[in-house]
Amino acid sequence: MHDTSEAVGETMPSGWFSSLITDWRGVKLRPSLLVAIGCGVVVLLTALLLGEQYAASALATRERLIGNDLVASVDSILNLVRSRRRTELAALAGRPCGDVLRPLSKLQTYIPYIRGANLVVDGRVYCSSGLGPIDVPLSVYLTPSAAGASINLLPQTPYHPNEPVLVMFDATGKGTGILYIIDGDYIADALSHGVRYGAQYAALSIAGVALLTDDGAFVPLSKSPPVYAMRVASSAWPLSIMVSPSADFVSQMRWKYGLIFGAAGVLLDILIAAAYLLVFAPRRLLLAAVHRALRQDEFHVVYQPVVDLASRDAVGVEALLRWHHPKWGPVSPALFMSEVESSTLHAAVTRFVLHTVVADMSRHAPMPPLRVAVNISPRDLGRKGFVAEVLAVSGRLPQGVSLTLELTERFLLDKSVHTAAIFRTLRTQGIKFAIDDFGTHNSNLDLLGRFPFDFIKIDRQFVSQVDTGGAELIKGIVAMARHFGLQVIAEGVETEAQHQALQDVGVRFGQGYLYQRPLRAEQLASRLQEHR
Ligand code: C2E
Ligand code: MG
Ligand code: MG
């Protein structure tokens, strides 16, 4: 019964297609698509968030720069006021105003930024460079610090109402010294430089007192608006500068970094999408091709006899799917069935095989009795209407032809209650079950007890070793099959030595190229007849 009917039939599709399919077989699409979309969203959100952070940090850097610059300007005003002609002025403090008014007025003209220089003795301001003798307590202007110079912001002075000023008292002795009245406008002018360089607002703040804004307004701290984002303290004077960025600058930075990071995020998303397509496109391509193949009749079914080893008579056939792609040529089911089985196409493929088997057996009825075995997909058992479908097909088979369903072990492990119920229903209607590729997956002997199988098909990988030291394993399987009342079919028998060894260990049935390669239905009837 030797034949070469399928000798050239099952080539691998060539080149890139072959390798891509084999590389990515078994990868599920849906969860991976969700993961890819999730990654894309996370990447984009992270990029936008980073853009915001960079914009905020760029703004803070700019504000700090402006703040430092303004602190340096105000420090230099105060240092200049305090240092200019100080020795001569200090020599006047404590002397009668009448005696020192002229030199005081003259010295005042050398000092920039001030409205007046006043002399203080015993805690009272007694002589003004502009007004002559006066008598005002120093505490009206400020509370002097224990050492060095003290400063204060005032909305006005007793002699200049509604004119904000910065006052500085430079002590030369206890309660004695020089009180400078610095024009608030100068300070405001210095602050407005910051505004020119990108700040919206800038203000001078003296701790716990008030603000002097860049437009020269005195604002008590309690009424200070919370618009200042950055505070930079002076290390030389008890003051700090507060700055807030301009709206234009803020939006400029946000756009700049938003665009940079947004573009990077989009680029990464494109890479993720490209990687996703690269990984999953072959699978989609393959499934789309299978879908088209079903519609365009590119599939057919071939039949490989199962023989009784003793007589070599065919007792049954296994229906095997074949795909002849118009461009790729013959594509082995081993290459596409695992993808099909993990997709929604599995039902259509099983249905195609079942219906083709009925049509083939009706048209080219080989001599009965004959068992026709059909491989079913893991997910067939879980699908609605499967039992009814199988019963309908079985009912349409010619007299003497019976149906066997082949299942691999791997999918019997889950959903066992449901599966066992299907077994029971179908077996009462004369349909038999074979456990396929026995021993290749996590063999679970318990399965044989739990599911009422009729046949065990020993996988080719064990059969190929039966005559080269692997007989013990098959002997064990045969003993176990006997224990459970099952018949054993050896798959992939290729040599006479294997045939003999299988018989020796008590295997009853065999299937393989030694007896017959898979055949088209039209050849099958005559070949079986001829043989019998
Ligand atoms: P399987 O059910 O174990 O089918 C036996 C495989 O062994 C077939 O490969 C058959 O051509 C091959 N074969 C038979 N005798 C020999 C031999 O002596 N030597 C060698 N090297 N191989 C031999 P095929 O047709 O390529 O099928 C591969 C697998 O694809 C099948 O393994 C089965 O799991 C699956 N398959 C095939 N047709 C269908 C189908 O209609 N539905 C489902 N769900 N799966 C199918
Ligand atoms: Mg099979
Ligand atoms: Mg098998």
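Basis of the calculations
Residues numbered from 1 in each chain as written. Chains lettered and ligands numbered in written order. Predicted model: local features only at pLDDT ≥ 70, side-chain atom pairs only at ≥ 80, totals over all residues. Heavy atoms only, no water. UniProt positions renumbered as here; feature names shortened; annotations may be inferred. Donors = N, O, S within 2.8 Å, 3.2 Å for Na, K, Ca; no water. Helix = DSSP H or I, 4+ residues; strand = E, 2+ residues; numbered from the N terminus. Buried < 20%, exposed > 50% of the residue type's maximum accessible area, 1.4 Å probe, protein only. Near = heavy atom within 4 Å. Polar contact = N/O pair within 3.5 Å; in protein donor to acceptor, adjacent residues only side chain to side chain. Pairing = 2+ DSSP bridges. 1 Å grid on protein atoms, 1.4 Å probe; cavity = no way out; pocket = protein on both sides within 12 Å on 5 of 7 lines; lining within 4 Å. Points joined across faces, edges and corners; volume = space filled by probe spheres on them. Core = buried A, V, L, I, M, F, W, Y, C linked by side-chain atoms within 4.5 Å. Lys, Arg positive; Asp, Glu negative; His and termini not counted. Salt bridge = Lys/Arg side-chain N within 4 Å of Asp/Glu carboxyl O. Contact = heavy atoms within 4.5 Å. Patch = residues over 30% accessible without salt bridge, like charges linked within 9 Å, V, L, I, M, F, W, Y side chains within 5 Å. Areas by Shrake-Rupley, 256 points an atom, 1.4 Å probe, with all protein chains shown as cover.

- Going by the annotation in an unreviewed UniProt entry, the name recorded for the chain is cyclic-guanylate-specific phosphodiesterase, with Paraburkholderia lacunae given as the source organism.
- In UniProt, the chain has this text filed under Subcellular location (unreviewed entry): "Cell membrane".
- Per UniProt, the comment on the chain under Catalytic activity (unreviewed entry) is "3',3'-c-di-GMP + H2O = 5'-phosphoguanylyl(3'->5')guanosine + H(+)".

### With respect to the coordination of the magnesium ion (ligand 3)
Octahedral metals with six donors have ideal donor angles of 90 or 180 degrees. Tetrahedral metals with four donors have an ideal donor angle of 109.5 degrees.
Reasoning step 1: Distances from the magnesium ion (ligand 3) to its protein donors, Asp436 (OD), Asp437 (OD), Glu491 (OE) and Glu491 (OE), fall within 2.0 to 2.4 Å.
Reasoning step 2: Separating the magnesium ion (ligand 3) from the magnesium ion (ligand 2) is a gap of 4.1 Å, bridged by Asp436, which donates to each. One end of the pair, Asp436, is in strand β17 (residues 432-438); the other, Glu491, is in the loop between β19 (487-490) and α14 (496-504), with 55 residues separating them in the sequence.
Reasoning step 3: Among the residues examined, Glu491 registers a relative accessible area of 9% and is labelled buried.

### Quick word on the site of ligand 1
Reasoning step 1: Surrounding ligand 1, one finds 25 residues, the nearest of these being Arg322, Asn375, Asp436, Glu494 and Tyr513.
Reasoning step 2: Within the side chain of Glu341, one N or O atom sits 3.4 Å away from a nitrogen atom of ligand 1.
Reasoning step 3: At 2.7 Å from an oxygen atom of ligand 1 is found a main-chain nitrogen or oxygen belonging to Tyr513.
Reasoning step 4: Only β13 (314-325), α7 (333-341) and β17 provide two or more residues apiece to the shell around ligand 1.

### Some details on the pairing of strand β15 (residues 370-375)
Reasoning step 1: In terms of burial, β15 is a largely internal element, 5 of the 6 residues being buried.
Reasoning step 2: Direction of pairing for β13 relative to β15: parallel, over a ladder of 4 bridges. When the sheet's bridge partners are listed, Glu318 is paired in β15 with Ala373.
Reasoning step 3: By the bridge criterion, 6 bridges tie β15 to strand β16 (residues 401-408) in an arrangement that is parallel. What sits directly across from Arg371, in β16, is Ser402.

### What to know about empty space enclosed by the protein
Rolling a probe over the atoms, with the probe sized like a water molecule, indicates the empty space that remains.
Reasoning step 1: For the coordinates displayed, the defined rule picks out 1 cavity of 30 Å³ or more.
Reasoning step 2: What lines the largest cavity is simply Val306, Gly316, Val317, Arg371, Val372, Ala373, Thr404, Glu406, Ala434, Phe455 and Ile489.
Reasoning step 3: Broken down by secondary-structure element, the contributors of at least two residues to the lining of the largest cavity are β13, β15 and β16.
Reasoning step 4: At 3 residues, the largest contribution of residues to the lining of the largest cavity is made by β15.

### Digging into the nonpolar core
Reasoning step 1: Grouped together as the largest cluster of nonpolar side chains are 78 residues, with contacts concentrated most on Tyr303, Phe336 and Ile456.
Reasoning step 2: Of the residues forming this core, the biggest block, 7 residues, is contributed by helix α8 (residues 346-363).
Reasoning step 3: Core analysis: the next-biggest nonpolar cluster, separate from the first, contains 42 residues, Val71, Ile206, Leu212 and Val232 among them.

### What about the side chain of Asp459?
Reasoning step 1: Here Asp459 shows up in the loop between β18 (455-458) and α12 (460-463).
Reasoning step 2: No salt bridge forms around the buried Asp459; measuring N to O, its nearest opposite-charge neighbour Arg460 is 6.1 Å away.
Reasoning step 3: Look past the residues within four positions of Asp459 in its chain and what remains in contact with it is Asp437, Phe438, Thr440 and Glu491.

### With respect to unusual backbone geometry
Reasoning step 1: Look at Arg85: it is not a glycine, yet its phi comes out positive at around 55°.
Reasoning step 2: Mapped onto the elements, Arg85 comes out in the loop between α2 (29-83) and α3 (86-92).
Reasoning step 3: On the basis of relative accessibility, which here comes to 31%, the residue Arg85 falls in the partly exposed class.
Reasoning step 4: Positive phi values are uncommon outside glycine, yet Arg312 reaches one of about 60°.
Reasoning step 5: Among the secondary structure elements, Arg312 is positioned in the loop between β12 (299-308) and β13.
Reasoning step 6: On the basis of relative accessibility, which here comes to 25%, the residue Arg312 falls in the partly exposed class.

### Here's the deal with the UniProt feature "transmembrane region" (unreviewed entry) in the chain
Reasoning step 1: With numbering matched to this structure, UniProt assigns "transmembrane region" (unreviewed entry) to residues 33-51 and 257-279.
Reasoning step 2: Across residues 33-51, helical content stands at 100% and strand content at 0%; the span's end C-alpha atoms are separated by 27 Å.
Reasoning step 3: A helix fraction of 100% and a strand fraction of 0% characterise residues 257-279, whose end C-alpha atoms lie 32 Å from each other.

### Remarks on the coordination of the magnesium ion (ligand 2)
Reasoning step 1: Listed as protein donors to the magnesium ion (ligand 2) are Glu318 (OE), Asn375 (OD1), Glu406 (OE) and Asp436 (OD); their distances from the metal cover 2.0 to 2.2 Å.
Reasoning step 2: Each donor residue of the magnesium ion (ligand 2) lies on the same chain, and together they follow the pattern E-x56-N-x30-E-x29-D.
Reasoning step 3: We classify Asn375 as partly exposed; its relative accessible area is 27%.

### Here we look at a nonpolar patch on the surface
Reasoning step 1: Taken together, the side chains of Leu33, Ile37, Val41, Leu45 and Leu48 present a nonpolar region at the surface, about 440 Å² in accessible area.
Reasoning step 2: Within the secondary structure, Val41 is located in helix α2.

### Considerations on the pattern of salt bridges
Side chains that differ in sign of charge can pair as their charged atoms come close.
Reasoning step 1: Evaluation of the coordinates by the stated rule reveals 19 salt bridges.
Reasoning step 2: Between Asp308 and Arg508 there is a salt bridge whose closest N-O contact spans 3.2 Å. Of this pair, Asp308 sits in strand β12 while Arg508 sits in the loop between α14 and β20 (509-510); the two residues are 200 residues apart in sequence, bridging distant segments of the chain.
Reasoning step 3: Among the ionic pairs, Lys457 bridges to Glu406, the shortest N-O distance being 2.5 Å. Here the residue Lys457 occupies a position in strand β18, and Glu406 occupies one in strand β16, the gap between them amounting to 51 residues.
Reasoning step 4: Residue Lys457 is classed as buried on the basis of its relative accessible area, which comes to 0%.
Reasoning step 5: Residue classification places Glu406 among the buried positions, given a relative accessible area of 3%.
Reasoning step 6: Residues participating in the shared-partner salt-bridge network are Glu318, Glu406, Lys457 and Glu491.

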